[in-house]
Structure formats: C-alpha cells, structure tokens
Amino acid sequence: MSAITQIIGRRIRSYRLQKGLSQERLAELAGCHPTYIGQIERGEKNATMESIEKIALGLEIPLSQLFELLGGEKEEGTAYAYRCYELVAAQEVGDQKQLYQIISEIEKYKKG
C-alpha cells in the first residue's frame, strides 16, 4: 500500500492506544469490523473516506487530525522535521514526553 495509507494507519493505531481502546471497541464505536480496523492500522487496506470519518468519530478526534502534515516531506529542508513528527506522533503520550525532554536537553547542551 501507499505511504499515506501506512501513515494514516499508524496514526489511527496511535490515537486508539492513547485513548486506551482495543481494536474491537474502536470497531464498535466506528461501526466497522475489528478485522477491518486491524487491516487499516497495518496499512493493508485502503480505507474509504467514509470509514476514516467513522473511525475519527469513534476516536473523538477531528478528521483533519489524521491528515495533518501529510505530503509535507516533499518540501525541501523539512523532510526530517516531518519524519520526526511522524515518529513521535506514533508513540504513546508518555514516550512523546520523554522524546521531547531528550530533544530539549540536546538543544540546551548545544547552546551551552
């Protein structure tokens, strides 16, 4: 599948885990089959916009949040920033906080 399909799948999985939902519970909330949720999260299925909208509603997040910064890596000089965003956004909140603290410490050290 395409990179966008995989990115959206990882984001759905990340938000689902952050909210403490199982695939089965998200499927109930979104009106989808649990197997379908798993396939989307793994980037195996190219979900319809209707399905993605239902999933966003089940996650209680704006639909736009799943599509933030997509395609930005094409802009010269920003590829690594977008890659970092994707990496950090895919982590659980506690891990995001630790990564932020690490980056902050590196920045302080560089300013020295």
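Residues numbered from 1 in each chain as written. Predicted model: local features only at pLDDT ≥ 70, side-chain atom pairs only at ≥ 80, totals over all residues. Heavy atoms only, no water.

S.K.: Can you walk me through unusual backbone geometry in this structure?
M.R.: Most peptide bonds take the trans form, and the phi angle of most residues other than glycine is negative. Positive phi, close to 60 degrees, is recorded for Glu60, a residue that is not glycine. Its location among the elements puts Glu60 in the loop between helix 4 (49–59) and helix 5 (79–89). Among the residues examined, Glu60 registers a relative accessible area of 67% and is labelled exposed. (Helix = DSSP H or I, 4+ residues; strand = E, 2+ residues; numbered from the N terminus. Buried < 20%, exposed > 50% of the residue type's maximum accessible area, 1.4 Å probe, protein only.)

S.K.: Mind showing me how you'd approach the side chain of Thr5 here?
M.R.: Mapped onto the secondary structure, Thr5 falls in helix 1 (residues 3–18). Using a relative accessible area of 9% as the deciding quantity, one classes Thr5 as buried.

S.K.: What am I meant to see in empty space enclosed by the protein here?
M.R.: Leftover empty space is mapped by rolling, across the atoms, a probe with the size of a water molecule. Counted under the stated rule, the structure contains one cavity of 30 Å³ or more. For the largest cavity, the calculated volume is near 30 Å³. Around the largest cavity, the lining residues are Arg11, Ser14, Tyr15, Tyr85 and Ala89. Elements supplying a minimum of two residues to the lining of the largest cavity: helix 1 and helix 5. At three residues, the largest contribution of residues to the lining of the largest cavity is made by helix 1. Looking at the lining of the largest cavity, its residues break down into three nonpolar, one polar and one charged. (1 Å grid on protein atoms, 1.4 Å probe; cavity = no way out; pocket = protein on both sides within 12 Å on 5 of 7 lines; lining within 4 Å. Points joined across faces, edges and corners; volume = space filled by probe spheres on them. Nonpolar A, V, L, I, M, F, W, Y, C, P; charged D, E, K, R; others polar.)

S.K.: I tried to follow the packing of helix 2 (residues 23–30) against helix 3 (residues 34–41) on my own but got confused; where do I start?
M.R.: In contact at an axis separation of 8 Å, helix 2 and helix 3 are set at 110 degrees when each is read in the N-to-C sense. It follows from the interaxial angle that helix 2 and helix 3 lie roughly perpendicular. Contacts from Gln23, Glu24, Leu26 and Ala27 of helix 2 reach helix 3 at Pro34, Ile37, Gly38 and Glu41. (Axes fitted to C-alpha atoms, helices over the stretch in contact; angles between N-to-C directions. Parallel < 35°, antiparallel > 145°, perpendicular 65-115°, else oblique. Contact = heavy atoms within 4.5 Å.)

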